[in-house]
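A look at the structure
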Amino acid sequence: MPNPWIFRMAWRDSRGSRRQLALFLSSMIVGVAALVAISSFGSNLRKVVDDESKTLLGADLVFESGRPFGETMEAAIDSIGGAQSRLISFPSMAWFPAGEQSRLMTVRAVEGKFPFYGDIETTPASAADGWLADGGALVDAAVMRLFNVQPGDSVRIGRYFYPVAGRIDRMPSENQMMSFFSPRVYIPAARLDSTLLSRGSQADYELAFRFDDGRDVEALVENIGLFLREEEVRYDTVEEVRESWDEGLTNLYRFLNVVAFVAVLLGGIGVAGAIHVYVRRRLATIAVLRCLGAGTRQTFSVYAVQTIAMGLASSVTGAMLGIGVQMLVPVALSDFLPVDVPFMVSWGSLGAGMTLGVGVTAAFALFPLVSIRRISPLLTLRSTVEIGQTSLKDPLWWIVFGVVATGITTFSVANAPSPGIGLGYVVALTAVFGTLLVTAKGIIWAARRFFPSRWSYIWRQGLANLFRPDNQTNTLILSLGLGAFIIGTLFGIQRTLLAQLEVSEARQLPNIVLFDIQPDEIDPVTRIVQGKELPVLDSVPIVSMRLASVNGRTVSAMRADSTATWAHRREYRVTYRDYLTESEKVVEGVFIGEADPNDPVAPVSLDQDIARDLDVGIGDSLTFNVQGQLIPTRVASLREVEWRRMGTNFFVVFPAGVLENIPRFYVLLSRTENGEQAAGLQRAVLGGYPSVSVIDLSLVLSTFDTIFSRISFVVRFMASFSILTGVIVLIGAVVVSRVQRRRESVLLKTLGASQSEVLRIMTVEYLFLGFFAALTGLALSFASVWAFSAFVFDTSFRPDVVATLVLLGAVPFLTVAIGLVNSRGIYRRSPLDVLRTDM
Amino acid sequence: MASILSVRNLTKTYQSGNRLLTVLHDVSFDLRRGETCAVVGPSGSGKTTLLGLCAGLDRATSGSVDLSGERLGAMSEDALARLRNREVGFIFQTFQLIPTLTALENVMVPAELRGQKGPRERASELLDQVGLGERMSHYPAQLSGGEQQRVSIARAFVNRPAMLFADEPTGNLDTDTGATIEELVFEINETAGTALLLVTHNHELAQRTGRIIRLRGGNIVSDTLTRA
């Protein structure tokens, strides 16, 4: 049983320092708040996804096919029964005559009562009920806002006009992110312009079922699974959708959890730094206690109790704050979520967050606390006794280190999609923390070793503060550096990704794409483009086909024994030409531009990656099925394709002379100089050829920008926890050093230093700390952005020089500002007052 | 009378840069129960080192110290702490009060550590005895130097120690206050029958003890009885 004296002494000893101790340990508050918020939200989200899984699909079962269901399939559908609803989805231009604007959208033509589960939310609300019967259209909310379309205006899709019944606020089975990629317009299938389907090959046919007879859907699809595969019909069940959302959301939530954990760790470092100084300031008291007969365990416990009590207080505060922050999480994530997540407190998350907060506080505080055991009672007689410098030789220190390292690794692995990635987190974290720590040690060493003794007094004092006893160099370099690293990485990735898209602007590359042009339309459409004095940068035919067999083995046989991959099953859009483009080069074999009319086997060229996915090489044979007609080919060459380049790129290129008589459509690339030209071209083309789709790539760029800004908002939201923790650690560290520096400042004042000199010394110290922390953090962020560019985005590294320079200025500025604000009042203290108090 | 403190061939060396510095050299003496003794000598003669070793605050390089019949060198840090708590009282030049504890709480610490019943009553009684009955709830920063040293004296006697170690108890005080404190130490010590080992520069103070050990360069140069 713990000695009650320990608690009494802990309470008494904390007098006069409680506010300070609370501030030291408050660096845990934000991290715990983030953890509790994310974890509580995550548990609610999973619950909602489980509860509303039917809404996620909108039906009990959905069949999906890239072509209309055949007769056998229709017979099967008939026998399955239940309530049925059909949807046809395809991309098409939607033209809004009110503002003479058009946009490529995903048209969803509905027949029946889809969605069976969940409600369509529209503005006006009545539109959700009447639109289908009234023959109206429901239009994506963002598009309506962008084009200022009002209910009652009309939209033309293909040859037909539809009155806009209302805007879609929420559609079961869809999330907001989908509408960024391709905004939706819902129309009644009964009024669909069928010419849009007859020639197009991009439509997706869906059939949704609702069963009210409690049927076992999983068993049903298992029974007819083989048949569905033969018919090339995919299916989705409620269970599958739920699992897939569950998996995706769990990964998202785990990722956010890891980000929150970084804030907790940073807080832990703040705690360790603060407790280190706290203990050093208690040396005399500890020595007296030891002298009066307190055992090592007792003295250690006095401070451990104080730390844990404050850790508990800050964890409870953090957890309460987390509940508040939880309300903000859905705001940050709403675009990515399929369902509304109501606010509920997850007690489990609350408990786990608090436990983790106390655990991390205790664990990190142990690093400095273990040195208490080595404080000699002899300090009461001599103030020069060496203590606390031999931590690395203390086995207990290493045990604490082992426990902390194991804890961090366990948490990371438990919250990563795979153990490998979890260990990756740990390695990355260790690398970042390690580099910052080495930098801090390096600064301390270099400042001492190369001390510029000829510098002015102010600069020498400021610089010397970096290595004097009780300096805050380690803690501040770590916390500030980590903040700079996170922000720098974020800006760097954003810059790298946007730079890729801006290339097309800078290099006079195509920025407008016309596709779905039928063979009889290509000449007149080309004339329209030229008539607008716009260049035709490329005009290529495209034929849709699927693989029938690879080296004699049929794809259906591969599907049957599950050896077929995505590359075998996908639909290929291929072109034919007798030349290579700028964005591709042959890496193996010989590119053959024209087919030999006497050779029935066409020599094709494959992208090297798809060849790898198909497991084929030069000389292997592929047979394609083009609308029922089988075309044998052999792989004549492999190409390396620069997919990021704006233009038309293909997995498979046929030689000229094989596909010319097969149904095809054309894609034409052009370049407009401004939005007005682009809109003019769209109007002219759609006026005469409504089935032709026109994509303005600058619009794609802005869409990408929107999507990225949403993602980056989430990342910034999470990063803000770490940054805020960093600021608290900074304030804590400054307050700690204020206590250290107070006596010194007063002595300086007594000896004749002016207020401005005292403040300038502090400014120099914080300036050095802020600058080196920012420099190291930003250098690390360059490495991290480079790694992301090379391994994740497969693109060239483009550092954000402007943001880097701004951060390099901002971090030291912020450090100095916080430092000086917290140091105010030092000079005003009377020397006698301070010297007497600190005796 | 039996020895409360027995010091035999005590040597203490420190590593100072590359060379060994011998601060105490082969020192031996005994102190009987209730005996008072002053250790005097110039700065650097090894007085404080000797006090630290005798009180079990430091470890000897060679030789032995027996306090209340226990060999200090063989004891663990925690066992030494328990022995100090039970048998030893301290008075320091710089008072060494815990700044976050009131006068009363400071005095109570040794008794509380020992787990004694009624430490508050005993501490109050001692504070009354040293004339601080009205200032028990004051913190050290609110007390004058002399008052702080009186609290320290009360604390030294709270566990009725057999041995009192005092390191320049009047060194930080003005002459008048120093004299008052001096009176108080000897008065309580005599009443309690505690053995006293006092380290001081002050010859008058040393003369009030029954015996004076003179140190020079880490060696005992004389060990004489006084008329006190």
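How each quantity is defined
- Residues numbered from 1 in each chain as written.
- Chains lettered and ligands numbered in written order.
- Predicted model: local features only at pLDDT ≥ 70, side-chain atom pairs only at ≥ 80, totals over all residues.
- Heavy atoms only, no water.
- Helix = DSSP H or I, 4+ residues; strand = E, 2+ residues; numbered from the N terminus.
- Rg over C-alpha atoms; globule rule 2.2 N^0.38 Å.
- Contact = heavy atoms within 4.5 Å.
- Pairing = 2+ DSSP bridges.
- Axes fitted to C-alpha atoms, helices over the stretch in contact; angles between N-to-C directions.
- Buried < 20%, exposed > 50% of the residue type's maximum accessible area, 1.4 Å probe, protein only.
- Phe/Tyr/Trp six-rings, centres within 6.5 Å; stacked < 30°, edge-to-face > 60°.
- Buried area = accessible area lost by both parts, 1.4 Å probe.
- Salt bridge = Lys/Arg side-chain N within 4 Å of Asp/Glu carboxyl O.
- Polar contact = N/O pair within 3.5 Å; in protein donor to acceptor, adjacent residues only side chain to side chain.
- Nonpolar A, V, L, I, M, F, W, Y, C, P; charged D, E, K, R; others polar.
- Patch = residues over 30% accessible without salt bridge, like charges linked within 9 Å, V, L, I, M, F, W, Y side chains within 5 Å.
- Areas by Shrake-Rupley, 256 points an atom, 1.4 Å probe, with all protein chains shown as cover.
- Lys, Arg positive; Asp, Glu negative; His and termini not counted.
- Charge placed at Lys NZ, Arg CZ, Asp CG, Glu CD.
- Expected span 1.5 Å × (residues − 1).
- Core = buried A, V, L, I, M, F, W, Y, C linked by side-chain atoms within 4.5 Å.
- pLDDT = per-residue confidence, 0-100.

1. Concerning the overall build of chain B
Scanning chain B from terminus to terminus reveals seven helices and 10 strands. Over its C-alpha trace chain B gives a radius of gyration of 17 Å, about what one expects of a compact globule, namely 17 Å for 228 residues. Referenced to the eigenvectors of the C-alpha coordinate spread, the extents of chain B come out at roughly 50 × 40 × 40 Å. The contacts of chain B with a sequence gap of at least 6 include a subset with a gap of at least 24, amounting to 68%.

2. Examining the sheet that holds strand E9 (residues 211–216) of chain B
Residues and elements named next belong to chain B. Pairing in this open sheet of six strands is mixed, and the strands run E6-E7-E8-E3-E9-E10 from one edge to the other. Two strands in the sheet have a free side with no partner beyond their single neighbour: strand E6 (88–91) and strand E10 (219–225). Neighbour to neighbour, the strand axes of the sheet diverge by 15° on average, direction disregarded. Of the pairings in the sheet, the one linking strand E7 (residues 163–167) to strand E8 (residues 195–199) comprises five bridges and is parallel in character. Looking at the pairing, Ala 166 lines up with Leu 198 of E8. Strand contacts of helix H5 (residues 145–157): E6 and E7, with the helix running at about 175° to E6, the strand carrying the most contacts.

3. Looking at the pairing of strand E2 (residues 83–96) of chain A
All names here are of chain A. The buried fraction of E2 amounts to 10 of the 14 residues, a majority that puts the element mostly inside the structure. With seven bridges joining them, E2 and strand E9 (residues 204–210) adopt antiparallel strand pairing. Counted as the bridge partner of Ser 85 is Ala 208 from E9. Between E2 and strand E3 (residues 101–111), which follow one another and run antiparallel, lie four residues, and Glu 100 among them has a positive phi close to 50°. Bridge count for E2 against strand E6 (residues 154–157) is two bridges, and the pairing is antiparallel. Within E6, the residue paired with Trp 95 across the bridge is Arg 156.

4. Quick look at the packing of aromatic side chains
Residue and element names in this part refer to chain A. Applying the stated rule across the entire model yields 21 aromatic pairs over all chains. On the numbers, 5.5 Å between centres and 15° between planes, the contact of Phe 209 with Phe 211 is stacked. Each of the two residues, Phe 209 as well as Phe 211, counts as buried. Relative to Phe 450, the ring of Trp 445 has its centre 5.6 Å away and its plane inclined at 90°; by these criteria the two rings are edge-to-face.

5. Brief notes about the interface of chain A and chain B
Listed by partner, the interface residues are 26 residues for chain A and 30 residues for chain B. For the pair chain A and chain B, the two sides together bury roughly 2400 Å², of which 58% comes from carbon and sulfur. Note that Glu112(B) is salt-bridged to Arg8(A), the shortest N-O span being 3.1 Å. At the surface where chain A touches chain B, the tally comes to 12 residue pairs in polar contact (both at pLDDT 80 or more). Elements with a minimum of two residues in the side of chain A that touches chain B: helix H1 (4–13), helix H12 (283–291) and helix H13 (296–326) of chain A. A per-element tally of the side of chain A that touches chain B places H12(A) first, with six residues. Broken down by class, the residue content of the side of chain A that touches chain B amounts to 12 nonpolar, seven polar and seven charged.

6. Side note on a negative patch on the surface
Residue and element names in this part refer to chain A. On the surface, Asp 216, Glu 218, Glu 222, Glu 240, Glu 243 and Glu 247 cluster together into a negatively charged patch. Secondary-structure elements contributing two or more residues to the negative patch are helix H10 (217–230) and helix H11 (238–281). Looking at the negative patch, the element that brings in the most residues is H11, giving three residues. Structurally, Glu 240 is set in helix H11.

7. As for helix H27 (residues 801–823) of chain A
Turn by turn, an α-helix covers 3.6 residues, leaving residues three or four places apart pointing in a common direction. Over its 23 residues, H27(A) runs 33 Å from end to end, which matches the ideal 33 Å to within 8%, given 1.5 Å per residue. If you check which residues of H27(A) are buried, you get Ala803(A), Thr804(A), Leu807(A), Val811(A), Pro812(A), Thr815(A), Val816(A), Ile818(A), Gly819(A), Asn822(A) and Ser823(A).

8. Details of the sheet that holds strand E1 (residues 3–16) of chain B
All names here are of chain B. Read from one edge to the other, the open sheet built from four strands follows the order E2-E1-E4-E5, with strand pairing classed as antiparallel. Edge positions in the sheet fall to strand E2 (19–32) and strand E5 (70–71), since each has one partner strand and no second. Here strand E4 (residues 62–67) pairs with E5 via two bridges, running antiparallel. Following the sheet pairing, Asp 66 is matched in E5 by Arg 71.

9. Quick notes on the nonpolar core
Residue and element names in this part refer to chain A. With 134 residues, the main nonpolar core has Trp 5, Leu 369 and Leu 482 as its most contacted residues. Setting aside anything within four residues of it in sequence, one finds Leu 369 in contact with Ile 275, Val 279, Phe 300, Tyr 303, Ala 304 and Thr 307. Among the nonpolar cores identified, the runner-up in size contains 56 residues, and Ala 602, Phe 650, Val 667 and Leu 686 belong to it.

10. Some details on the pattern of salt bridges
Throughout the structure, instances matching the rule amount to 39 salt bridges over all chains. Close ionic contact of Arg211(B) with Glu35(B) constitutes a salt bridge, the shortest N to O distance being 3.2 Å. With Arg211(B) in strand E9 and Glu35(B) in the loop between E2 and strand E3 (36–40), this pair connects stretches of sequence that are 176 residues apart. Since its relative accessible area comes to 8%, Arg211(B) is described here as buried. With relative accessibility at 9%, the residue Glu35(B) sits in the buried group. Note that Arg208(B) and Glu182(B) form a salt bridge whose closest N and O atoms lie 3.5 Å from each other. One end of the pair, Arg208(B), is in the loop between helix H7 (203–207) and E9; the other, Glu182(B), is in helix H6 (residues 175–192), and 26 residues separate them in sequence. In this structure Arg208(B) comes out as partly exposed when scored by relative accessible area, which is 31%. Linked by salt bridges that have partners in common, Arg8(A), Arg12(A), Arg15(A), Glu105(B) and Glu112(B) make up one network.

11. Observations concerning the confidence of the model for chain B
Averaged over every residue, the pLDDT of chain B is 90; the share at 70 or more is 99%. Predicted confidence in chain B is weakest over H6(B), with a mean pLDDT of 87, and strongest over E4(B), with 95.

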